[in-house]
Amino acid sequence: MTMTDSSGAITVVIADDHPLFVEGIRFALEQATGLSVGGTACDDLDALRLCVRLSPQVLLADLGMLGALGSLGRRCPAVRVLALGTDDGEAGFVSALRAGAHGYLLKGSRPAEIAAAVRSVALGQVVFGGGLAPRLLDRLTTPPARSPFPGLTQREHEILERLADGRSNAEIARELCLATKTVRNHVSNVLTKLAAPTRVDAALRARDAGLGSRPVLTRV
């Protein structure tokens, strides 16, 4: 059972590993009508403890923490999660949903937008930042392109895209809310399926196929 405070306000727990960011969000939400911050946490364990103890209606958490909060849905099924991240593309939103979130906003969102999203998530809606809407709508209305690597699973394709951008296993794990060991296993599967001797060879093949979003730096 989730709780509201004595005034009937929606209760929120905020979790992020940057204390100054947490305090900024706390201040912004406490100024908003109908919201009450029950507590803050700077790591996933404290966030889980607060949710178990306080039963807030919404957990507002950094996307990178959600992978370590896998037991939240089992221990606090009524708590709805709104993720905050820095990826302004589809990958961030999809990663948030896969991690069990009910919404995703960019950390640069205006306080009023965050407050409105908290209210919506508390009411059972799924929300995402306004800047993401055009990309997601385009994805939903555009027929999927034929994959240049049909032998890969969807997850392996996501891993390959990030290899093409030169991301490390740790970076991929944070973005996709996976354990580093799991990413390492996926990378191994990708290399095997592509018959690529190294991750660099796989990344170059992915680049040649049009994958990757980071610019490639060349020497002149």
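Every value quoted in this text rests on a predicted model; they were computed, and no experiment measured them.

Trainee: Any chance you could explain the state of the cysteines here in plain terms?
Mentor: What is meant by a disulfide is a covalent connection between two cysteines, made through their sulfur atoms. Under the counting rule described, the total for this entry stands at zero disulfides. This cysteine, Cys76, is not joined by any disulfide, and Cys51 carries the nearest cysteine sulfur, 5.6 Å off.

Trainee: Looking at this model, I keep getting lost on the pattern of salt bridges. Mind explaining?
Mentor: When the charged atoms of two side chains lie near each other, side chains of opposite charge can form a pair. All chains considered together, the criterion is met by 12 salt bridges. One salt bridge in this structure joins Arg155 and Glu158, with 2.8 Å as the shortest N-O distance. Separated by three residues within a single helix, Arg155 and Glu158 lie in helix α7 (residues 154–164), roughly one turn from each other. The class of Glu158 is buried, set by a relative accessible area of 11%.

Trainee: Looking at this model, I keep getting lost on the nonpolar core. Mind explaining?
Mentor: Across soluble globular proteins, nonpolar side chains show a tendency to be buried alongside one another. Ranked by internal contacts, the top residues of the largest apolar core, which has 25 residues, are Leu59, Leu66 and Leu72. Elements supplying a minimum of two residues to this core: β1 (10–15), α2 (44–54), β3 (58–62), β4 (80–85) and α4 (90–98). At five residues, α2 tops the list of elements feeding residues into this core. Aside from chain neighbours lying at most four places away, what touches Leu59 is Val13, Ala15, Cys51, Leu69, Leu72, Val79, Arg80, Val81 and Leu82. Core analysis: the next-biggest nonpolar cluster, separate from the first, contains 20 residues, Ile10, Ala32, Ile114 and Val118 among them.

Trainee: Explanation requested: the sheet that holds strand β6 (residues 127–128) in the structure shown.
Mentor: Through backbone hydrogen bonds, the strands of a sheet pair up, either in parallel or in antiparallel fashion. The strand order across the open sheet formed by six strands is β2-β1-β3-β4-β5-β6, and the pairing between neighbours is parallel. On the outer flanks of this sheet lie β2 (35–41) and β6, each paired with one strand and no other. Note that strand β5 (residues 103–106) and β6 share two bridges and pair parallel. Residue Tyr104 lies in a different strand from β6, and its bridge partner there is Phe128. Contacts from helix α1 (residues 19–30) reach β1, β2, β3 and β4 within the one sheet, and its direction differs from that of β2 by about 165°. Here α2 sits on the sheet and contacts β1, β2 and β3; the angle it forms with β2, its principal contact strand, is near 140°.

Trainee: So what exactly am I meant to see when it comes to the packing of aromatic side chains here?
Mentor: Given two aromatic rings, their pairing is described by the distance between the two centres and the angle made by the two planes. Applying the stated criterion across every chain, the model contains zero aromatic pairs. Looking at Lys107, its charged tip hangs above the ring of Phe21, at a distance of 5.0 Å from the centre.

Trainee: How should the packing of α7 against helix α9 (residues 180–194) be read in this particular structure?
Mentor: Helices that pack against each other are described as a pair by the angle of their axes relative to one another and the distance between those axes. The contact between α7 and α9 brings their axes to 9 Å, and the two run at 90°. Here α7 is positioned roughly perpendicular relative to α9, judged by the angle of their axes. Contact residues: α7 offers Arg155, Glu156, Ile159, Leu160 and Leu163, while α9 offers Val183, His186, Val187, Asn189, Val190, Lys193 and Leu194. A per-class count over the contact of α7 with α9 returns seven nonpolar, two polar and three charged.

Cut-off values and rules
- Residues numbered from 1 in each chain as written.
- Predicted model: local features only at pLDDT ≥ 70, side-chain atom pairs only at ≥ 80, totals over all residues.
- Heavy atoms only, no water.
- Disulfide = S-S within 2.5 Å.
- Salt bridge = Lys/Arg side-chain N within 4 Å of Asp/Glu carboxyl O.
- Helix = DSSP H or I, 4+ residues; strand = E, 2+ residues; numbered from the N terminus.
- Buried < 20%, exposed > 50% of the residue type's maximum accessible area, 1.4 Å probe, protein only.
- Core = buried A, V, L, I, M, F, W, Y, C linked by side-chain atoms within 4.5 Å.
- Contact = heavy atoms within 4.5 Å.
- Pairing = 2+ DSSP bridges.
- Axes fitted to C-alpha atoms, helices over the stretch in contact; angles between N-to-C directions.
- Phe/Tyr/Trp six-rings, centres within 6.5 Å; stacked < 30°, edge-to-face > 60°.
- Lys NZ or Arg CZ within 6 Å of the ring centre and 35° of its normal.
- Parallel < 35°, antiparallel > 145°, perpendicular 65-115°, else oblique.
- Nonpolar A, V, L, I, M, F, W, Y, C, P; charged D, E, K, R; others polar.

Remember, this is a structural readout, not a statement about activity or role.
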